[in-house]
Amino acid sequence: MDFLQLLPRLLLGVLALVMFGLGLSLSLDDFRRLARHPKAVFIALGLQVVLLPLACFAIARALGLSPVFAVGLMLLAASPGGISANLFSNLFGGNVAMNISLTAINTVLSIVTLPLVVNLSLAYFLSDQGNAVSLQWQKVVEVVAVVIVPVALGMLVGARRPALALRAEKPFKLFSALVLLAFALIAIAKESSALAAGLATIGPAVVVFNLVSLGAGYFLSRAAGLDKSMATAICYEIGIHNSTLALYIALSLLNNFEMALPAALYSIVMYITATLFGLTVLRRKAAQGVHS
């Protein structure tokens, strides 16, 4: 068995560890906290479940993405918030506790919404390709197992051994970032010719989608009356997606390296776009607040 055949199994184990690390930072209080901020939760989930897939679909059509790339981008849009969302929210004055709570509920909700969005995308974009695939329900069970079970185990460790969980949290986050980068580079290298051919469309599509996600999260939240810290939390929660999960589904469950390229490219450029958004929009808004 060569490395590329072994890759899906490695990615399965890595994703389980990443989700376990996420569970270490979660508690039942994070779910209870959501009840105290119903408006913020409603806005965040509405943006994640409804607006982002629609915006992503519009971007894919407007920029003429190939069917496989379009499905890959839709897969990314349907993925819940990533661990890095907490880091960016903390850097730019967001309500990190809310980020953690939203990540918890988004992860659970994605068990239903992600397969639905992916299957609809596959049916729409690949229905006339002759080799259409689908995310079948037995594979959905695999997603549930690799997402919910490790998160629950991480929460259990965090509740029973809080000191150990606190010490392990940062190493797990660093591990997640390094492994995600490694898998992204592998996917890009494997399909370098496809990426080169489609870079003119897939590159702008990934950047535009990321900026639309961040902008919608912040400005629509502010327009709805949420304060800056809550809007910043929502901005990064829906603007920083779990690309590890998207890569896993594309490479392991759908067995398509090309479909993984949007997530692979996104996992690299999101750090740039998220930082620039924070520096140009969130910092500027803070400065205006000081002078007003």
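The model shown is predicted, which means the values in this text are computed figures rather than measured ones.

K.L.:
For this particular structure, what's the right way to read the overall build of the chain?
P.N.:
Assigned secondary structure in the chain consists of 12 helices and zero strands. Along its sequence from the N terminus, the chain presents helices and strands in the succession α-α-α-α-α-α-α-α-α-α-α-α. Of all 292 residues assigned to the chain, the portion counted as buried reaches 52%. Accessible area of the chain: about 12,700 Å², with a carbon and sulfur share of 69%.

K.L.:
Any chance you could explain the nonpolar core here in plain terms?
P.N.:
Nonpolar side chains in soluble globular proteins tend to end up buried together. The biggest cluster of nonpolar side chains holds 73 residues, and the ones touching the most others in it are Leu-73, Tyr-236, Ile-249, Met-259 and Phe-277. A total of 14 residues in this core trace back to one element, the largest contributor, which is helix α12 (residues 257-291). If we skip the residues at most four places from it in the chain, Phe-277 touches Leu-214, Gly-215, Tyr-218, Phe-219, Cys-235, Tyr-236 and Leu-282.

K.L.:
In this structure, what is going on with helix α4 (residues 67-78)? I would like to understand it.
P.N.:
Note: α-helices contain 3.6 residues per turn, so residues at a spacing of three or four share the same orientation. Helix length check: α4, at 12 residues, gives a terminal C-alpha distance of 16 Å against a target of 16 Å (1.5 Å per residue), a fit within 8%. The element α4 is extensively covered by neighbouring structure, given that 11 of its 12 residues are classed as buried. What α4 keeps buried is the set Val-68, Phe-69, Ala-70, Val-71, Gly-72, Leu-73, Met-74, Leu-75, Leu-76, Ala-77 and Ala-78.

K.L.:
I keep staring at helix α3 (residues 38-62) and nothing clicks. Help me out?
P.N.:
Across its 25 residues, α3 extends 34 Å between first and last C-alpha, which sits within 8% of the 36 Å expected from 1.5 Å per residue. Its maximal kink placed at Leu-51, α3 deviates by approximately 40°, while the proline Pro-53 follows within four residues. Note on α3: the residue one or two positions beyond its end, Gly-64, has a positive phi of about 65°.

K.L.:
Sorry, what's going on with the side chain of Thr-273 here?
P.N.:
Residue position: Thr-273 is located in helix α12. What makes Thr-273 buried here is its relative accessible area of 8%. A distance of 3.2 Å separates the side chain of Thr-273 from the backbone oxygen of Met-270, its partner in a polar contact. Excluding anything up to four places from it in sequence, Thr-273 contacts Val-207, Asn-210, Leu-211 and Leu-214.

K.L.:
Mind showing me how you'd approach the packing of aromatic side chains here?
P.N.:
Each aromatic ring pair is summarised here by two numbers: the centre-to-centre distance and the angle between the ring planes. Evaluated as defined, the whole model comprises eight aromatic pairs. Centre to centre, the rings of Phe-88 and Tyr-271 are 6.1 Å apart; their planes meet at 35°, and the pair counts as tilted. Of this pair, Phe-88 sits in helix α5 (residues 84-91) while Tyr-271 sits in helix α12, and the two are 183 residues apart along the sequence. With a centroid separation of 6.5 Å and 80° between ring planes, the pair formed by Phe-219 and Phe-277 is classed as edge-to-face. Taken as a pair, Phe-219 in helix α9 (residues 192-223) and Phe-277 in helix α12 lie far apart in primary sequence, 58 residues in all. Among the residues examined, Phe-277 registers a relative accessible area of 7% and is labelled buried. Grouping aromatic residues by their ring pairs yields a cluster made of Phe-88, Phe-92, Tyr-236 and Tyr-271.

K.L.:
What is the right way to read a nonpolar patch on the surface from this model?
P.N.:
Taken together, the side chains of Val-49, Val-50, Leu-54 and Leu-109 present a nonpolar region at the surface, about 310 Å² in accessible area. Top element by residues in the nonpolar patch is α3. It accounts for three residues. Take Val-49: it is sitting in helix α3.

K.L.:
How should unusual backbone geometry be read in this particular structure?
P.N.:
With the exception of glycine, most residues fall at negative phi, and the peptide bonds are largely trans. Non-glycine residue Asn-255 carries a positive phi angle of around 55°. By the element assignment, Asn-255 lies in the loop between α11 (243-253) and α12.

Calculation rules
- Residues numbered from 1 in each chain as written.
- Predicted model: local features only at pLDDT ≥ 70, side-chain atom pairs only at ≥ 80, totals over all residues.
- Heavy atoms only, no water.
- Helix = DSSP H or I, 4+ residues; strand = E, 2+ residues; numbered from the N terminus.
- Buried < 20%, exposed > 50% of the residue type's maximum accessible area, 1.4 Å probe, protein only.
- Areas by Shrake-Rupley, 256 points an atom, 1.4 Å probe, with all protein chains shown as cover.
- Core = buried A, V, L, I, M, F, W, Y, C linked by side-chain atoms within 4.5 Å.
- Contact = heavy atoms within 4.5 Å.
- Expected span 1.5 Å × (residues − 1).
- Bend = angle between axes of the 7 residues up to and from the residue.
- Polar contact = N/O pair within 3.5 Å; in protein donor to acceptor, adjacent residues only side chain to side chain.
- Phe/Tyr/Trp six-rings, centres within 6.5 Å; stacked < 30°, edge-to-face > 60°.
- Patch = residues over 30% accessible without salt bridge, like charges linked within 9 Å, V, L, I, M, F, W, Y side chains within 5 Å.
- Salt bridge = Lys/Arg side-chain N within 4 Å of Asp/Glu carboxyl O.

By themselves, these are just geometric observations and shouldn't be taken as functional.
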